[in-house]
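Structural characterization, general
In case you want the letters, here they are:
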Amino acid sequence: MHSRISLAAAVLVAATLPLQAQITFTSLGTAVPNLRVEDVSSDGSAIVAADFNQAYLWTTANPTWTPIPGTNGVFSSYDVANGGAFVCATLPDPANSNFETAARWDASTGTWTFLPGLVTASGTSYSSAYDISANGSVVVGLGWITPQRAHAFRWDASTGQTTDLGAIASISSSRPNAVSADGTVAVGWDEDDITGTWRAARWVGTTESLLGSLDPSDPINGWSECYAVSSNGQFIAGESGTGLSTPSFWPEQHGFRWDAANGLIDIGTTPVDPFGWGTHSTIPTAISDDGRTIVGFAGTAAFGPGAIRPSFIWREGSGLSELQPYVVALGASAAASWTFEYTAGMSADGRVIVGHGFDSSFQRQVWRIELPPIASTYCTGKTNSLGCVPSINSSGIASASSVLPFNVGATNVLNNRSGLLYFGTAALNAPFQGGFKCVAEPSRRTPVQDSLGNPTGNSCTGAYSLELNALIQGNFDPMLSVGATIHAQYWMRDPASPSTTGLTNGLAFTIFP
């Protein structure tokens, strides 16, 4: 079918088409050589990195490496919040005999605030900062109770006070490694008072609980540690002992995901080097808001030039994969010539991933990956003969490997009417049968479905649902390939409509490995 669209209508159409969802792999340059990335803000817009002498800030608003005052000559870890408005680190406090102290930098004033500690110091260490909340108002870290014992702490900018989060046993130490976006949930480890083993711990406010271990011989007190938490504190990622050994008889430790409903889930690890010397670790550095994506690095400790631990990405249903071939398969061909050295973090929505590595000239650079969205809607559904607007939806992730379903459905549909889904690789927003056609040709049609709903009368209680991962994984259609962006729309019968047909809005989704 051919349609004529006026210039004004063409402008409207362009404005309502979805943005083409393509993966991007961006190297952030060698203007400052040898940078190692430390963290990315929860919205993905700010990155903090450091060389051996200075910390630097990069933002999407100011995409150059800008030195952070007060960090020259300081070796520390850094975390960034609120689009680069705040950074936390551990710095020598000149007002306290240069003791290493947790501090927060405010970009609006360009100054560092040294945070109150807990009780005392240990050697030259007074306290250490480990993470900062999304808006920069909360910092969590470690403070000393005695020179031999430390506790997790939470500092709140609204009060200026540091709160001791304690430990399960009064004689034990604890430490947080991460804090939720709103600053209410901290995660890290708590020391067993008898064995000294670190155990994955979670603090909600000041209430602490242990998460357990993947080691079947000691599922309560076996070794484990939390490294990352989702924005709302619902999902936690960490590492645990498993009771397994590598072929060279070292401990094989796996990553985990935890939530209250399911407890610890073993997310596995990267391939084990049969000749590896040392513990095979799996260290998550970030988890998405929905808990469906985890990134990090794994392997034995790296020693010597060129020795690295592979970066990984875990997607729910698809399992754990090495990150570099994953993004290359999605279309980031520029990443193929790189060696990924470290993955530092990820935005809360799971789309922006940052790390550093070596380019094809073996120059160390920070890289930034932006994954396409899992799915998004566009275009406009057609109001049906009962005044309802059918709406398309999806659940899950379209994937060539996932064991979980990817369902595409429609609701607000007339009951007991036949319909079908059609899809293609290009979007459209053109007048069609009294509504808008949202998928350009060439397109494919799926088998006809019945909307069901109320068995009698006319109502908008019908719905459609189609599972697409089986179709994707069946290799029946080359259009459904990894990295492709697919556009889909439901068409259905509506006998009382002038065209006797109905249409949903459009859905764009990406097929992941």
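Residues numbered from 1 in each chain as written. Predicted model: local features only at pLDDT ≥ 70, side-chain atom pairs only at ≥ 80, totals over all residues. Heavy atoms only, no water.

Our focus in this paragraph is the layout of surface pockets. By rolling a water-sized probe across the atoms, one finds the places where empty space is left. If you add up the space inside the largest pocket, you get close to 1,100 Å³. Around the largest pocket, the lining comprises 46 residues; the ones closest to its centre are Glu 38, Asp 39, Asp 79, Thr 285 and Ala 344. Contributions of two or more residues to the lining of the largest pocket are made by strand S2 (36-40), strand S6 (78-81), strand S10 (127-132), strand S14 (174-179), strand S18 (224-229), strand S22 (280-287) and strand S26 (339-346). The residue inventory of the lining of the largest pocket, partitioned by class, reads 26 nonpolar, 11 polar and nine charged. In this structure, the second largest pocket encloses a volume near 240 Å³. Considering the residues around the second largest pocket, the lining is formed by Arg 36, Glu 38, Ala 50, Asp 51, Phe 52, Val 74, Phe 75, Ser 76, Ser 77, Tyr 78 and Thr 90. Looking at the lining of the second largest pocket residue by residue, the classes come out as five nonpolar, three polar and three charged. (1 Å grid on protein atoms, 1.4 Å probe; cavity = no way out; pocket = protein on both sides within 12 Å on 5 of 7 lines; lining within 4 Å. Points joined across faces, edges and corners; volume = space filled by probe spheres on them. Helix = DSSP H or I, 4+ residues; strand = E, 2+ residues; numbered from the N terminus. Nonpolar A, V, L, I, M, F, W, Y, C, P; charged D, E, K, R; others polar.)

The next thing to look at is the sheet that holds strand S9 (residues 111-114). Strand pairs in the sheet, formed through backbone hydrogen bonds, run parallel or antiparallel to each other. The four strands are arranged S6-S7-S8-S9 in an open sheet whose pairing can be described as antiparallel. Unpaired on one side and paired on the other, S6 and S9 mark the two borders of the sheet. This sheet shows a mean twist of 35° between the axes of neighbouring strands, independent of strand direction. As defined by bridge partners, strand S8 (residues 99-106) adjoins S9 across four bridges and the pair is classed as antiparallel. (Pairing = 2+ DSSP bridges. Axes fitted to C-alpha atoms, helices over the stretch in contact; angles between N-to-C directions.)

As a further point, take the packing of aromatic side chains. Pairs of aromatic rings are described using the distance from one ring centre to the other and the angle between the two planes. Across all of its chains, the model carries 10 aromatic pairs by this definition. Ring geometry for Phe 25 versus Phe 340: centroids 5.9 Å apart, planes at 10°, classification stacked. Taken together, the residues span a long stretch of sequence, with Phe 25 in strand S1 (residues 24-27) and Phe 340 in strand S26 at a distance of 315 residues. Look at Phe 25 and you get buried, because its relative accessible area is 15%. Relative accessible area serves as the criterion here: at 4%, Phe 340 is assigned to the buried category. Pairing Phe 406 with Phe 509 gives two aromatic rings, centres 4.9 Å apart and planes at 55°, and the pair type is tilted. With a gap of 103 residues between them, Phe 406 in the loop between strand S30 (391-395) and strand S31 (407-413) and Phe 509 in strand S39 (residues 501-510) connect regions that are remote in the sequence. The same class applies to Phe 406 as to Phe 509, namely buried. Members of the aromatic cluster, joined through ring pairs, are Phe 25, Trp 338, Phe 340 and Trp 367. (Phe/Tyr/Trp six-rings, centres within 6.5 Å; stacked < 30°, edge-to-face > 60°. Buried < 20%, exposed > 50% of the residue type's maximum accessible area, 1.4 Å probe, protein only.)

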